[in-house]
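Understanding the architecture of this molecule
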Amino acid sequence: MKTDFEKMLNRSQTNERRWNPQYIEATFKINYNKNTIDSSIADLDFKTPTPIVEALQNRINHGTFSYTYIREDVLQAISSWYKNYHQLQVATKNIKLVHGTVNAMHQIVNAFTKIGEGVLIQTPIYEPFGRCIYNNDRVVVENKLIYENQTYKMDFQDFEAKIIADKIKLFFWCNPHNPGGVVWSKSDAKKLIEICEKHQVLLVSDEVHSDLILENQKFYSLLDFKVKNNYFIICASPNKAFNLGGLKGSYLIIENEEIRKKIDKIYEANSITSPNVFYPEAIKAAYTSKIVLNWLTELKAYIWANYQLLVKEFQTLKNVEIMKLQASYLVWIKFDDKIYDVKTIKKQMQDNDIIVNWDTDFYGATPGWFRINIGSPESLVRDLITRLKQIFNK
Ligand SMILES: Cc1ncc(COP(=O)(O)O)c(C=O)c1O
């Protein structure tokens, strides 16, 4: 492995949420100290690959930061990434650069539903899936995922029943799933598409973790399927794989012209126009550099090794289950809340200087779950495992 993923970075001065001592103390009401492990937010503990950093540095060196425009070379970079990395064709005219996936989801809710209408999501899920709905005075309709054998299954009967009962027009899908780390199968995707087609539901697929598919898993993008009238939107970005969330950019893939027009209109209505100066530089470097591609291959192997370590070390814990990780670096963990008192566990985590994302940080999750982040140096993951094992030692 060429990249030194073991190196611990000092990010106390970078003003990033997951690493800023003052922010952490104010948010989590804890005393930050040198032992604190913040294993929460979905950002990597690693430096962004050098070609991306250099592209940003080169841009800064120009010393001018005026308004931008939509560049064909940037759209071309996204298209070539899909061709080379995902073996999928994307025409540049179908790509829209936007200002983050969560923001895009808010725009989509406003463009395709009215106040008071229901929008369907599969829970538990990354909280903003619910937030973009209730923030806009729409109603969150939940199709609960079924936990079985350390993974999630879909309840298709309930999915269709909810669409009918709540007159659903819009469904947000998370593939790969956060927090579960599930890469949905071809047959799952086909069934979802069929039901959405049957009831003319707009299928919006959040694929932001799709560059991080782990060991032997096969990811099926919505682009792998023939969807009637191309009635779908894909939300994607290089942010999760390359630590670029703070640049606040992302993109949509929209093959249906009517949908594109509606999306353009809502962005214009909110005066959200050209991208910021930096994001196009970062995305172009991320998606066209061979060095970045090699870095990503190494990163995935490193994350997988961290995950295997976690699984091995947790084997002895009888009342804790780790979800099967198929994508990303986020691990969803279940403990038996009849054996462990949730309040006590939370207190023990705090006493052990561990910050995680609890069930309450996700939409529709139940007590007895938390999510950790293993996109970190192995030494840190080992330290985290040791502390967790002390807490869950019953
Ligand atoms: C599934 C999913 N969608 C979207 C986002 C955030 O995307 P953005 O920062 O582009 O809004 C995250 C961040 O963790 C995520 O896990």
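Just so we're clear, the structure is a prediction, and the values are computed from it rather than from any experiment.

Rules and cut-offs
- Residues numbered from 1 in each chain as written.
- Predicted model: local features only at pLDDT ≥ 70, side-chain atom pairs only at ≥ 80, totals over all residues.
- Heavy atoms only, no water.
- Near = heavy atom within 4 Å.
- Polar contact = N/O pair within 3.5 Å; in protein donor to acceptor, adjacent residues only side chain to side chain.
- Areas by Shrake-Rupley, 256 points an atom, 1.4 Å probe, with all protein chains shown as cover.
- Helix = DSSP H or I, 4+ residues; strand = E, 2+ residues; numbered from the N terminus.
- Nonpolar A, V, L, I, M, F, W, Y, C, P; charged D, E, K, R; others polar.
- Phe/Tyr/Trp six-rings, centres within 6.5 Å; stacked < 30°, edge-to-face > 60°.
- Lys NZ or Arg CZ within 6 Å of the ring centre and 35° of its normal.
- Domains from an automatic or database assignment.
- Contact = heavy atoms within 4.5 Å.
- Buried area = accessible area lost by both parts, 1.4 Å probe.
- Salt bridge = Lys/Arg side-chain N within 4 Å of Asp/Glu carboxyl O.
- Pairing = 2+ DSSP bridges.
- Axes fitted to C-alpha atoms, helices over the stretch in contact; angles between N-to-C directions.

This part is about the site of the ligand. Around the ligand, the neighbouring residues are Ala42, Gly100, Thr101, Val102, Tyr126, Cys174, Asn178, Asp206, Val208, His209, Asn239 and Lys240. One of the side-chain N or O atoms of Asn178 is found 2.7 Å from an oxygen atom in the ligand. Residue His209 places a side-chain N or O atom 2.8 Å away from an oxygen atom belonging to the ligand. When isolated, the ligand has an accessible area of 390 Å², and the protein chains bury 92% of it. Only helix 4 (101-112) and helix 8 (239-242) provide two or more residues apiece to the shell around the ligand. Taken together, the residues that form the shell around the ligand break down as five nonpolar, five polar and two charged.

Our focus in this paragraph is helix 1 (residues 21-28). Two or three places before Gln22, at the opening of helix 1, Asn20 has a side-chain oxygen 3.2 Å from that residue's backbone nitrogen. Two residues or fewer after helix 1 comes Lys29, characterised by a positive phi angle close to 50°.

Moving on: the packing of aromatic side chains. Throughout the structure, instances matching the rule amount to 28 aromatic pairs. Pairwise contacts between aromatic rings join Phe5, Phe46, Trp81, Tyr82, Tyr85, Phe242, Tyr251, Tyr287, Trp295 and Tyr302 into one cluster. For Lys96, the ring lying beneath its charged end belongs to Tyr267, and the centroid distance is 5.0 Å. Here the guanidinium or amino end of Lys218 rests over the ring plane of Tyr220, the centre of that ring lying 4.8 Å away.

Partitioning the chain into structural domains gives domain 1 (21-48 + 291-391) and domain 2 (53-288). When each unit is reduced to the centre of its C-alpha atoms, the spacing between domain 1 and domain 2 is 25 Å. Taken together, the contact between domain 1 and domain 2 spans 32 residues of the former and 40 residues of the latter. For the pair domain 1 and domain 2, the two sides together bury roughly 3300 Å², of which 60% comes from carbon and sulfur. Looking at the side of domain 1 facing domain 2, the largest losses of area belong to Thr48, Gln326 and Tyr363, adding up to 25% of the total buried there. There are zero salt bridges connecting domain 1 and domain 2. Between the two partners, domain 1 and domain 2, sit 19 residue pairs in polar contact (both at pLDDT 80 or more). The leading source of residues in the side of domain 1 that touches domain 2 is helix 11 (residues 290-314), at eight residues. Here the residues of the side of domain 1 that touches domain 2 sort into 21 nonpolar, four polar and seven charged.

What the seven strands build is an open sheet, ordered 2-11-10-9-8-3-5; its pairing is mixed. Single-partner strands in this sheet number two, and they are strand 2 (95-98) and strand 5 (139-144). In this sheet, adjacent strand axes meet at a mean angle of 25° when their direction is disregarded. Here strand 3 (residues 118-123) runs beside strand 8 (residues 170-174); their pairing, made up of two bridges, is parallel. Residue pairing in the sheet places Leu120 in a bridge with Phe171 of strand 8. Of the strands in this sheet, strand 3, strand 5 and strand 8 touch helix 6 (residues 156-165), which is tilted by about 160° from strand 5.

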